[in-house]
Amino acid sequence: MCPEVRETKPGACPSCGMALESELPIASTRVEYTCPMHAEIVRPQPGSCPLCGMALEPRTLSAALNPGAGDNPELRDMTRRFWASLVLAAPLMAIAMAAMLWQMPLPRLLPGASLPWLELALATPVVLWSGSPFFQRFWTSLVNRSPNMFTLIGMGTGVAYGYSVIATLAPRIFPESLRTMAGYPEVYFEAAAAITTLVLLGQVMELRARSRTSAAIRALLDLSPKTARRLGPEGSEDGGEKDIPLEQVQPGDRLRVRPGEKIPVDGVLVEGRSSVDESMITGESMPVEKLPASKLIGATINGGGSFIMRAERVGSETLLAQIVQLVGQAQRSRAPIQRLADRVAKWFVPIVVAVALVTFLAWLIFGPQPRVAHALVNSVAVLIIACPCALGLATPMAIMVGVGRGAGAGILIRNAEALEVMEKVDTLVVDKTGTLTLGKPQLLGTSLSPDNPDPTGPNRSEALRLAASLERASEHPLATAFVQAAERQGLHLSQPAEFASIAGKGITGIVDGKRVAVGNAALMTESGASVGANVNFGGSNAAAGTSLSVAVDGKYLGTFNFVDPVKPSTPGAIRSLEAQGIHIVMLTGDNRATASNLAQTLGIAEFEAEVLPAGKLQVIRRLQGQGRVVAMAGDGVNDAPALAQADVGIAMGTGTDVAIESGGITLVKGDLTGILRARRLSQATMRNIRQNLFFAFVYNAVGVPIAAGILYPFFGILLSPIFAAAAMSFSSVSVITNALRLRTAKL
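Reading guide: rules and limits
- All residue numbers refer to position in the chain's written sequence, counted from 1.
- With pLDDT at 70 or above as the cut-off, local features in this predicted model cover only qualifying residues; side-chain atom pairs require 80 or more to be listed or tallied, and sums for whole chains, interfaces and linings still use all residues.
- As a rule here, side-chain values come from all non-hydrogen atoms in the structure, and water together with hydrogens is ignored.
- Each helix is a run of H or I in the DSSP string that is no shorter than four residues. Each strand is a run of E no shorter than two, and both are numbered from the N terminus.
- Relative accessibility thresholds used throughout: buried, under 20% of the residue-type maximum; exposed, over 50%; partly exposed, between the two (1.4 Å probe, protein chains only).
- Contacts are assigned to residue pairs that have any heavy atoms within 4.5 Å of one another.
- Only the protein chains shown count as covering a residue, and every accessible area follows the Shrake-Rupley method with a 1.4 Å probe.
- The aromatic pairing rule takes the rings of Phe, Tyr and Trp, using the six-membered ring of Trp, and pairs them if the centres are within 6.5 Å, calling planes under 30 degrees apart stacked, those over 60 edge-to-face and the rest tilted.
- Two conditions define a charge sitting above a ring: the NZ of Lys or the CZ of Arg must be within 6 Å of the ring centre, and it must be within 35 degrees of the ring normal.
- Only residues whose relative accessible area exceeds 30% and that form no salt bridge enter a patch; like-charged residues are grouped when within 9 Å of one another, and nonpolar side chains (Val, Leu, Ile, Met, Phe, Trp, Tyr) when within 5 Å.
- The salt bridge criterion pairs a side-chain nitrogen of Lys or Arg with a carboxyl oxygen of Asp or Glu, the two atoms within 4 Å.
- A fitted line through C-alpha atoms represents every axis, and for helices the fit uses only the stretch in contact; the resulting angles, taken between N-to-C directions, go from 0 to 180 degrees.
- Angle categories are assigned with fixed cut-offs, so that under 35 degrees is roughly parallel, over 145 is roughly antiparallel, 65 to 115 is roughly perpendicular, and the rest are oblique.
- Crossing handedness: left-handed means the near helix sits turned counterclockwise from the far one by under a right angle, and right-handed means the same turn made clockwise.
- Whether two strands pair comes down to DSSP finding at least two bridges between them.
- Nonpolar cores are built from buried Ala, Val, Leu, Ile, Met, Phe, Trp, Tyr and Cys residues. Side-chain atoms within 4.5 Å join them into one set.
- When residue character is reported, Ala, Val, Leu, Ile, Met, Phe, Trp, Tyr, Cys and Pro are called nonpolar, Asp, Glu, Lys and Arg charged, and the others, Gly included, polar.
- What a helix should span is 1.5 Å times the count of its residues minus one.
- The bend at a residue is defined as the angle formed between two axes, one fitted to the seven residues ending at that residue and one fitted to the seven starting there.

1. Quick look at the overall build of the chain
Stage number 1. Each helix and strand in the chain was counted, giving 25 helices and 25 strands.
Stage number 2. Evaluated residue by residue, the chain yields a buried proportion of 54% over its 747 residues.
Stage number 3. Looking at the chain alone, contacts between residues at least 24 apart form 69% of all its contacts between residues at least 6 apart.
Stage number 4. Accessible surface for the chain amounts to roughly 31400 Å². Of this, 58% is attributable to carbon and sulfur atoms.

Structure, rendered in structure tokens:
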């Protein structure tokens, strides 16, 4: 909850007292712990937060660290303390009940003077041993001047127990009016023990519930295989295969993946074909066909085919490891709405202490006899019931569960602020290539020179072969399209002897002793190639895509027309986004004719074409200047400045690392349906946070006056500190339980 707290050792957050958690990546063997409420507290071992006293948790889950109930050291310790306190507190409660009901035999068996000593013997281990973590956190809150829930718990139980000890050891210092027939004042050992036991029960339930908040991430971790089947070097005599631990896989290793197995690491398929279930990573339920050169994601599940892959990213560099690290960081980040709870919590504890003091004085002066007893009981009830644990947990628990839910659906949240702002977005700016379209141009058609009239004959094949041979030296997306088209036709490509790229025009070079030029009309003119007026330069689909012409030795051969197909999910996603009142703006560096055609096809009313990266940034600023909350979706290096400027940057997981680093949200699958899911996740999470905050505020607004005794003059009702402790404990559990509902939120 407090990302500004950074500690090198495990312990408790000095601001809120919650336990520190580790945020190291999955591949790390070193685990650090931080506080869920104060992420700036970082410790190398488990413990409690020095600010709020809450248990520290791993900053990021790792495969070697199972945060389940059975392996949580704090949960084991709290459970042990709870059962010990329950065994001792039960007879204390029986004594208290027997004292109220004289027909019970217990008071007859024990002299009245012996009861306080028996209660002291039973309560002391409960309060001083079972409750010692609470007093340690209480003292830490005083030392760090950071009042929190354990400040109130420590004061409440300490006052009840301390008063009772004095009353037992030195009863004669109290006036006769405060002493019973046995000569002792009323003692409240049962209240102190019951409060400690109930708070421990609340801690146990809270720790168990919190261990479930990262269930989605643990499911991802469990998906990762433990071994990989590595093939011997290519050309080796044995070519043997050997199962090795996953940690020994190195980039470049050739791995065999058999039907039904998990893909060990990120890589590329080099031999064979299959379908792969990527649902745990992308959220897409349908298996994805994988052919040679297809990218593979580690920890996804192979279908019915067998193939050989080449490892590319291993260890902490795999997508799975990056997801775990990113989600861990996001779960510890603070949403802007948390500032409201922080401001309230800052003044809450001092105000509660003041209310408890006023309650004590009011009952002492105006209350019925025995006034001291009433004053003590009601002031302790105020301290206990007002513990702000529910208020402190309202936001971070929902963020933790929501971010984990998003990770399971292929939505990676970089920080809680992006998750909160996503709900408020009213304008979505989208890049064209790679966002609305596949970003993989395909050859659509050919327009040949009048001297080469056969569009499917040898003239076309030769023009394509020469152009593709030259384009092999280029990294432009259209170069890939040229090469793929030539390979599909089985054409033999040559190695260019020379190569030159001419900005804004195209490329030139020598292939098989011929000077080849591939580019636009300006390059054709420079090359001396005459393009006849009757030739439809760019082809009939020029408005739909991009065209490049080919000239050989100054002679125009023809024009190849390319189109970047629209992603199948794009039209439906755009309609759904617009139905939610989101205005869509398309930005692209392509020519206006191409942009206009695509915008008309998709029904996008506002678009800008031939926009440079700086221009995209200016468009975002202009929209923000109009008072719009802008989200920007893109996937390229040229989108990074705009992604950083937008209120929410949405990076397509299929894009560049620069774009992903610039975005607040990353969509692993990389299409607009992910934006719809991210918006639904934001709405569900923020709704959950508001519910939690409302419950926490109302609980304290109603509980504190009742504990102070406001109902006594009218109805004769007083709230026992024991019931106050039970209500306080279950309020925290209620908030966490409500947050856990996000695990099943429909996206």
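Still to come is the rest of the account.
2. Quick notes on the packing of aromatic side chains
Stage number 1. Within the structure shown, the criterion is met by seven aromatic pairs.
Stage number 2. Taking 5.2 Å as the distance between ring centres and 65° as the angle between the ring planes, the aromatic pair formed by Trp363 and Tyr712 counts as edge-to-face. Taken together, the residues Trp363 in helix 10 (residues 338–366) and Tyr712 in helix 24 (residues 712–715) connect sequence positions 349 residues apart.
Stage number 3. Members of the aromatic cluster, joined through ring pairs, are Phe482, Phe560 and Phe562.
Stage number 4. A cation over a ring is seen here: Arg81 above Trp129, with NZ or CZ 4.8 Å from the ring centre.

3. Notes on a nonpolar patch on the surface
Stage number 1. A cluster of nonpolar residues, Leu357, Leu361, Leu364, Ile365 and Phe366, forms a patch on the protein surface that exposes about 510 Å² of accessible area.
Stage number 2. Topologically, Leu364 is positioned in helix 10.
Stage number 3. Its relative accessible area of 30% is what places Leu364 among the partly exposed residues.

4. Considering the packing of helix 3 (residues 115–130) against helix 5 (residues 149–169)
Stage number 1. Taken N-terminus to C-terminus, the directions of helix 3 and helix 5 make an angle of 150°; their axes are 11 Å apart at the nearest point. When the axis of helix 3 is compared with that of helix 5, the two are roughly antiparallel. Of the two elements, helix 3 crosses helix 5, and the hand of that crossing is left-handed. For the pair formed by helix 3 and helix 5, the contact residues are Pro116, Trp117, Leu120, Ala123, Thr124, Val127 and Leu128 on the first element and Tyr161, Val165, Thr168 and Leu169 on the second.

5. Quick look at the pattern of salt bridges
Stage number 1. Under the definition given, this model contains 18 salt bridges.
Stage number 2. Put simply, Arg229, Glu241, Asp243 and Arg256 are held in one network by salt bridges that share partners.

6. A look at the sheet that holds strand 21 (residues 583–587)
Stage number 1. An order of 13-25-24-23-14-21-22 is seen for the seven strands of this open sheet, with the pairing classed as mixed. At either end of the open sheet lies a strand with only one pairing partner, and these are strand 13 (411–413) and strand 22 (606–608). Each strand axis lies, on average, 20° off the axis of its neighbour in the sheet, ignoring direction.
Stage number 2. Where strand 23 (residues 630–634) and strand 24 (residues 648–652) come together, four bridges link them in parallel fashion. Residue pairing for strand 24: Ala631 is matched across the bridge by Val648.

7. Section: unusual backbone geometry
Stage number 1. In this structure, Ala299 is a non-glycine residue whose phi angle is positive, near 80°.
Stage number 2. The phi torsion at Asp553 lies on the positive side, around 50°, for a residue other than glycine.
Stage number 3. When you line up the elements, Asp553 lands in the loop between strand 19 (546–552) and strand 20 (555–563).

8. Considering the nonpolar core
Stage number 1. Counting 60 residues, the largest nonpolar core has Leu428, Leu436, Met586, Val648, Ile650, Ile665 and Ile675 as the members making the most contacts within it.
Stage number 2. The element that contributes the greatest number of residues to this core is helix 12 (residues 389–408), accounting for ten residues.
Stage number 3. Apart from residues no more than four positions distant in its own chain, Val648 is found in contact with Ala418, Val421, Met422, Val425, Val630, Ala631, Met632 and Ile665.
Stage number 4. Counting 40 residues, the second-largest nonpolar core is a separate cluster that includes Met149, Leu376, Ala724 and Met728.

9. Focus on the packing of helix 11 (residues 371–385) against helix 23 (residues 673–708)
Stage number 1. Direction vectors running N to C along helix 11 and helix 23 enclose 165°, while the axes themselves pass 8 Å from each other. Between helix 11 and helix 23, the angle is such that the two are roughly antiparallel. Once helix 11 is placed against helix 23, the crossing between them reads as right-handed. Residue-level inspection shows Asn378, Ala381, Val382 and Ile385 of helix 11 in contact with helix 23, the latter providing Tyr699, Asn700, Gly703, Val704, Ala707 and Ala708.
Stage number 2. In terms of residue class, the contact of helix 11 with helix 23 is made up of seven nonpolar, three polar and no charged.

10. Details of helix 3
Stage number 1. With 16 residues, helix 3 should cover 22 Å at 1.5 Å per step; its first-to-last C-alpha distance of 22 Å lies within 8% of that length.
Stage number 2. When the local axis directions of helix 3 are compared, the greatest deviation, roughly 35°, occurs at Ala123, which is followed within four positions by the proline Pro125.
Stage number 3. Among the residues making up helix 3, those that are buried are Leu115, Pro116, Glu119, Leu120, Leu122, Ala123, Val126, Val127 and Ser130.

11. What about helix 4 (residues 132–143)?
Stage number 1. Relative to the 16 Å expected for twelve residues at 1.5 Å per residue, helix 4 spans 16 Å between its end C-alpha atoms, a close match to the ideal helical length.
Stage number 2. Positive backbone phi, at 55°, marks Arg145, one or two positions downstream of helix 4.

12. Details of the environment of Leu602
Stage number 1. With respect to the helices, strands and loops of the structure, Leu602 is situated in helix 19 (residues 592–602).
Stage number 2. In the structure, Leu602 is positioned 31 residues away from Pro571 in sequence and 5.9 Å away in space, judged by C-alpha atoms.
Stage number 3. In contact with Leu602, not counting residues within four places along its chain, are Leu436, Val566, Thr570, Pro571 and Ile574.

13. Overview of the pairing of strand 14 (residues 427–431)
Stage number 1. The element strand 14 is largely enclosed, with a buried count of five among its five residues.
Stage number 2. Neither face of strand 14 is exposed, since Thr427, Val429 and Asp431 on one face and Leu428 and Val430 on the opposite face are all buried.
Stage number 3. Relative to strand 23, strand 14 runs parallel, the two being bridged by four bridges. The partner of Leu428 across the bridge, within strand 23, is Ala631.

14. Quick word on the sheet that holds strand 5 (residues 241–245)
Stage number 1. Spatially, six strands are ordered 5-4-6-12-7-10 in an open sheet, and the strand pairing comes out antiparallel. The open sheet has two edge strands with one neighbour each: strand 5 and strand 10 (295–296).
Stage number 2. Summarising the sheet, strand 6 (residues 254–257) and strand 12 (residues 307–313) pair through four bridges and their orientation is antiparallel. By the bridge assignment, Arg254 is partnered in strand 12 with Arg310.

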